[in-house]
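# Observations on chain architecture
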Amino acid sequence: MSIIFYKEIGFSKTDIAIYQIVGNSFTYITNDLANDIHPQYVDNDTKVVFSSNRNSDQINADNDTLFSKTYDLYICDLKTKKLTRLTNTPDANEYDAHSLGTNKYLFLSDASGIVNLQKAQYDSTISVIDTAVHYRYFTTLHPVSNFSRNILEYHFDETSNNLNLLFYYNHNYLPILSNLSAVTTTDTPALAFYKEYQ
């Protein structure tokens, strides 16, 4: 099974679909007006994390005509089709997410003005207990790298923590092989946003 993009030229939108090799068929994960890019399987291929310019936490919300100018990260449970927003940064783009383990993600972000690596930790805490337990879900963002040039592309190997980074420097493409711990910075504070659920 592999994830692909499907671009409908007439509507200028991108949606995410799974291509089943056996049977030669497509199953759409998203099929709406929002642009959905950079999908990756996570959590043992039970979920897909992707970047989107949608404003709602709903899949196939064709009435959502006011799209964001930036891209945030979302995760979709393939069994329940539940969509969860991981980031909410109106002034930055987040894309190309990879799993760092359960509810932890590594991705590219232009929040600093330069495209660097960041990581997100999705978690919850009990907000209120009355006749039912109410949870507050939140994502904490941490900068990982602080390069002076944009990362054009990267590949992350979860088993070895190795990174392949691609930069453009001095009129040449510069590939760099590194380890995640070698590029991690600790000088910038973490950011968090919260969402209440019952």
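As the structure is a prediction and not an experimental result, all values here were calculated from the model.

### Considering the packing of aromatic side chains
With the rule as written, the count across this model stands at 4 aromatic pairs. Judged by centre distance (5.5 Å) and plane angle (50 degrees), the rings of Tyr-19 and Phe-26 are tilted. Ring centres of Phe-50 and Tyr-74 lie 6.1 Å apart, and the angle between their planes is 20 degrees; on these two criteria the pair is classed as stacked. Taken together, the residues Phe-50 in strand 5 (residues 47-52) and Tyr-74 in strand 6 (residues 72-77) connect sequence positions 24 residues apart.

### Digging into the sheet that holds strand 12 (residues 153-157)
Strand pairing in a sheet takes place through backbone hydrogen bonds and is either antiparallel or parallel in direction. Judged by pairing direction, the sheet is antiparallel, and its 3 strands sit side by side in the order 12-13-14 without closing on themselves. Here the strands that pair on one side only, and so sit at the sheet edges, are strand 12 and strand 14 (172-179). The mean inter-strand angle of the sheet, taken between neighbouring strand axes irrespective of direction, is 15 degrees. Bridge analysis of strand 12 against strand 13 (residues 162-169) gives 5 bridges, and the strand direction is antiparallel. Opposite Glu-153, over in strand 13, you have Leu-166 as the bridge partner.

### Structural notes on unusual backbone geometry
Unlike most non-glycine residues, Asp-43 shows phi in positive territory, near 50 degrees. With respect to the helices and strands, Asp-43 occurs in the loop between strand 4 (36-42) and strand 5. Located in the positive-phi region is Asp-96, a residue other than glycine, with phi close to 60 degrees. Relative to the elements of secondary structure, Asp-96 occurs in strand 8 (residues 94-101).

About the cut-offs
Residues numbered from 1 in each chain as written. Predicted model: local features only at pLDDT ≥ 70, side-chain atom pairs only at ≥ 80, totals over all residues. Heavy atoms only, no water. Phe/Tyr/Trp six-rings, centres within 6.5 Å; stacked < 30°, edge-to-face > 60°. Helix = DSSP H or I, 4+ residues; strand = E, 2+ residues; numbered from the N terminus. Pairing = 2+ DSSP bridges. Axes fitted to C-alpha atoms, helices over the stretch in contact; angles between N-to-C directions.

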